[in-house]
Amino acid sequence: MVWVARMLAGPLLWGALFSAVYALHGLGCAWDWPARATPAGPLHPLAMILAWLAGLALHGALILWNRAEGSARQALLVRAGNWIGAVASAATLFPVIVLSTCG
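Residues numbered from 1 in each chain as written. Predicted model: local features only at pLDDT ≥ 70, side-chain atom pairs only at ≥ 80, totals over all residues. Heavy atoms only, no water.

Asks: Outline the packing of aromatic side chains, listing residues and values.
Replies: Here the structure, examined in full by the defined rule, presents four aromatic pairs. Arranged with centres 5.8 Å apart and planes meeting at 45 degrees, the rings of Trp52 and Phe94 form a pair that is tilted. Of this pair, Trp52 sits in helix 2 (residues 43-65) while Phe94 is found in helix 3 (residues 72-98), placing the two residues 42 residues apart along the sequence. Under the relative-accessibility criterion, Trp52 is labelled buried at 13%. For Phe94, a relative accessible area of 45% translates into the label partly exposed. Connected via pairs of aromatic rings, a cluster forms that spans Trp14, Phe18 and Tyr22. (Phe/Tyr/Trp six-rings, centres within 6.5 Å; stacked < 30°, edge-to-face > 60°. Helix = DSSP H or I, 4+ residues; strand = E, 2+ residues; numbered from the N terminus. Buried < 20%, exposed > 50% of the residue type's maximum accessible area, 1.4 Å probe, protein only.)

Have a look at this one:
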């Protein structure tokens, strides 16, 4: 049953990254990060972009190193789970990072 945990690693990482980026979005809006300048631009999008890129790097590492041992079906499901998490992280969090909705 270890392969089931490996299969779910991608979607679980997506969930953690989703929570982290939305938490940064809320904290940034509450603490006025859009008005705080850094050498690379405003702090708010910078913090969210760095969290998103770190999460995508973790997804890449998961895809490279998380290989199932066992049947071909189990290996396929593990690869699919890893890719589903990576694509979900890229697609669902990109709009949050690009469009700030601080009021």
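Asks: Give a description of the environment of Ala23 that names residues and reports values.
Replies: Locating Ala23 in the fold gives a position in helix 1 (residues 2-30). Among the residues examined, Ala23 registers a relative accessible area of 40% and is labelled partly exposed.

Asks: Account for a nonpolar patch on the surface, with residues named and values stated.
Replies: A surface patch of nonpolar side chains, amounting to about 300 Å² of accessible area, comprises Phe94, Val98 and Leu99. Inspection of the secondary structure puts Leu99 in the segment after helix 3. Judged by relative accessible area, which is 56%, Leu99 ranks as exposed. (Patch = residues over 30% accessible without salt bridge, like charges linked within 9 Å, V, L, I, M, F, W, Y side chains within 5 Å. Areas by Shrake-Rupley, 256 points an atom, 1.4 Å probe, with all protein chains shown as cover. Salt bridge = Lys/Arg side-chain N within 4 Å of Asp/Glu carboxyl O.)

Asks: Describe in detail helix 3, supporting the description with residues and values.
Replies: Counted at 1.5 Å a residue, the expected span for helix 3 with its 27 residues is 39 Å, and the 39 Å between its end C-alpha atoms agrees. Considering bend angle alone, the principal kink of helix 3 is centred on Thr92 and spans about 25 degrees; proline Pro95 follows within four residues of it. Of the residues making up helix 3, those classed as buried are Ala75, Val78, Gly81, Asn82, Gly85, Ala86, Ser89, Leu93, Val96 and Ile97. Packed against the buried residues of helix 3 are helix 1 and helix 2. (Expected span 1.5 Å × (residues − 1). Bend = angle between axes of the 7 residues up to and from the residue. Contact = heavy atoms within 4.5 Å.)

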